[in-house]
Structures are given as C-alpha cells and as structure tokens.
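Each chain is listed here by its residues.
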Amino acid sequence: FFQAEDGIRDNVASRGLGDVYKRQLQRVLRNDYQVHAFTDANTALEFFQNSPTQIVISDMKMPKINGAEFLSRIVDINNRCKRVVLTGYADTELAKQAINEGKISAYLTKPWENVELKATLTTLIDELRTENKKLSIIKHLKLDNKRLSANQTSMVKVANFIQTDHDNIVNP
C-alpha cells in the first residue's frame, strides 16, 4: 500500500469490467497502484464506504446498474473521489449521463491505451494533491482567522480598560 508524503494513497478501485479487462487493468496498474477490482456494484460500494479510495474506475455498460448511476452513488459517499468511466460504446447520451450524474473526472474508451490510462491517473492524483493542499491552506487560514479574532477581542477589552482609566483620571 503506497502512501505519498501528503497522504494521497495511490489506491484505485475498479468495477464492472469483464474478467479480461479486469485482469488487464490489474496487470497495467499493479506496479504503481493498489488495485481493488469488483464485478458487483454493491460489493464495490460497500468496499468504498469502508476504505479510502481516491480514484474509482467503472465500465459504462453493465447489467443491473450503468456506470453513470454507479459513479453518482460514489459521489454521494465521497464527492472528492476522482471518477473514471471506461466504455467501448460511442453512445453520446450515455456519455452525457455519466458526466452529469456521475460527475466523472475522465472518460476513456476500451480498449484503452496503457500510456493514456496511466497519464490520466497521474493527472487525477496530481489534482487530488492540489485539492488537499488547498484544503490544508484553508484550514490554516481559518485557524489564523480565529486567533486574530481572539486577539482583536482582547485588544478591544484592553482599549476599553485604558479608556475607562483615562476617563477616571481626566474626570475624577
């Protein structure tokens, strides 16, 4: 389990891919990512709820649930997770559905080019790192703002005390 210095785990979950594509995906990514592959949507969703996964890859056309619907459930669990949809179909309505409902981060066609897949995942990991840095900065700014507000309150109290003492000295 690789963990980068900034807490991003190169952890990928894939779901709905046929055995051939699932094995190919695992083979291509196994040296760089921890891959969790599922063929059942409920099992994948249960795993995702219990395990931090930064990137989810889903096939678009599957029995019972399509990729857009599956990825929209992923969004409900963790909207910061990056979502990739794979499809062998050139169906623009499904693509629009995936983009709108699943809020996908990337759309790749099957069969995919390994270089493109890895480049896409690298880009998504970089986006996650950038988002984490932004969230960290925001957290620190909020803490600093809270400290400054407390200091300002203290300064107002001191100023009021000084003003009261000044008034008592000038107007005894």
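Right above here is the structure, for reference.
The sections below set out a description of the structure shown in this document. Here the residue index of a chain counts from 1 through its sequence in written order. Totals for whole chains, interfaces and linings use all residues, but because this is a predicted model, local features are given only for residues with pLDDT of at least 70 and pairs of side-chain atoms are given and counted only at 80 or more. Note that the side-chain values use all heavy atoms of the structure and ignore hydrogens as well as water.

## Brief notes about the overall build of the protein chain
Here's step 1: Helix and strand definitions follow DSSP, with helices as H or I runs of at least four residues and strands as E runs of at least two, each counted in order from the N terminus. Helix and strand counts for the protein chain stand at five helices and five strands.
Here's step 2: Order of helices (α) and strands (β) in the protein chain, N terminus to C terminus: β-α-β-α-β-α-β-α-β-α.
Here's step 3: Every one of the 172 residues in the protein chain was classed for burial, and the buried ones make up 36%.
Here's step 4: At a minimum sequence separation of 6, the contacts of the protein chain that also span at least 24 residues come to 63%.
Here's step 5: Here, Shrake-Rupley sampling with a 1.4 Å probe gives the accessible areas, and only protein chains in the shown set may cover a residue. Surface summary for the protein chain: the accessible area is close to 10700 Å², and the carbon and sulfur share equals 52%. Each residue is assigned to one of three classes by its accessible area relative to the maximum for its type, calculated with a 1.4 Å probe on protein chains only: buried under 20%, partly exposed between the two thresholds, exposed over 50%. Working rule for contacts: check all heavy atoms of both residues, and any pair within 4.5 Å makes them a contact.

## Section: the nonpolar core
Here's step 1: As used here, the term nonpolar core means buried Ala, Val, Leu, Ile, Met, Phe, Trp, Tyr and Cys residues forming a set that is joined through side-chain atoms within 4.5 Å. Of all hydrophobic cores here, the largest spans 17 residues; its most connected members are Leu-29, Ile-55, Ile-57, Val-84, Leu-117 and Leu-121.
Here's step 2: Going through the elements one at a time, α1 (19–29), β3 (55–59), β4 (82–87), β5 (106–109) and α5 (114–170) are the ones with two or more residues in this core.
Here's step 3: Per-element accounting of this core gives the leading share, five residues, to α5.
Here's step 4: Once you skip the residues sitting within four places of it in the chain, Leu-117 turns out to touch Leu-25, Val-28, Leu-29, Ile-57, Leu-108 and Trp-112.
Here's step 5: Counting 16 residues, the second largest nonpolar core, distinct from the first, contains Leu-45, Phe-48, Ile-65 and Cys-81.

## Focus on the pattern of salt bridges
Here's step 1: Each reported salt bridge corresponds to a side-chain nitrogen of Lys or Arg within 4 Å of a carboxyl oxygen of Asp or Glu. A full pass over the atoms with the stated rule returns seven salt bridges.
Here's step 2: One salt bridge in this structure joins Lys-82 and Glu-127, with 3.3 Å as the shortest N-O distance. Taken together, the positions of Lys-82 in strand β4 and Glu-127 in helix α5 put the pair 45 residues apart, joining distant regions of the chain.
Here's step 3: A relative accessible area of 9% places Lys-82 in the buried class.
Here's step 4: Residue Asp-144 pairs with Arg-147 through a salt bridge whose shortest N-O separation is 2.7 Å.

## Re a nonpolar patch on the surface
Here's step 1: Put simply, a patch holds well-exposed residues, over 30% relative accessible area, that have no salt bridge, with like charges counted together within 9 Å and Val, Leu, Ile, Met, Phe, Trp or Tyr side chains within 5 Å. The grouping of Val-158, Phe-161 and Ile-162 at the surface amounts to a nonpolar patch, some 310 Å² of accessible area in total.
Here's step 2: For Phe-161, the position within the fold is in helix α5.

## Some words on the environment of Val-28
Here's step 1: Considering the arrangement of structural elements, one finds Val-28 in helix α1.
Here's step 2: Along the chain, Val-28 and Lys-118 lie 90 residues apart, while their C-alpha atoms are 8.4 Å from each other.
Here's step 3: Filtering out sequence-adjacent residues up to four positions away, Val-28 remains in contact with Asn-114, Leu-117 and Lys-118.

## Considering the environment of Ile-74
Here's step 1: By secondary structure assignment, the location of Ile-74 is in helix α3 (residues 67–77).
Here's step 2: Judged by relative accessible area, Ile-74 falls into the buried class, the value being 0%.
Here's step 3: Separated by 30 residues in the primary sequence, Ile-74 and Ala-44 have C-alpha atoms spaced 9.6 Å apart.
Here's step 4: Once residues lying within four places of it in the same chain are set aside, the contact partners of Ile-74 are Leu-45, Phe-48, Val-56, Cys-81 and Arg-83.

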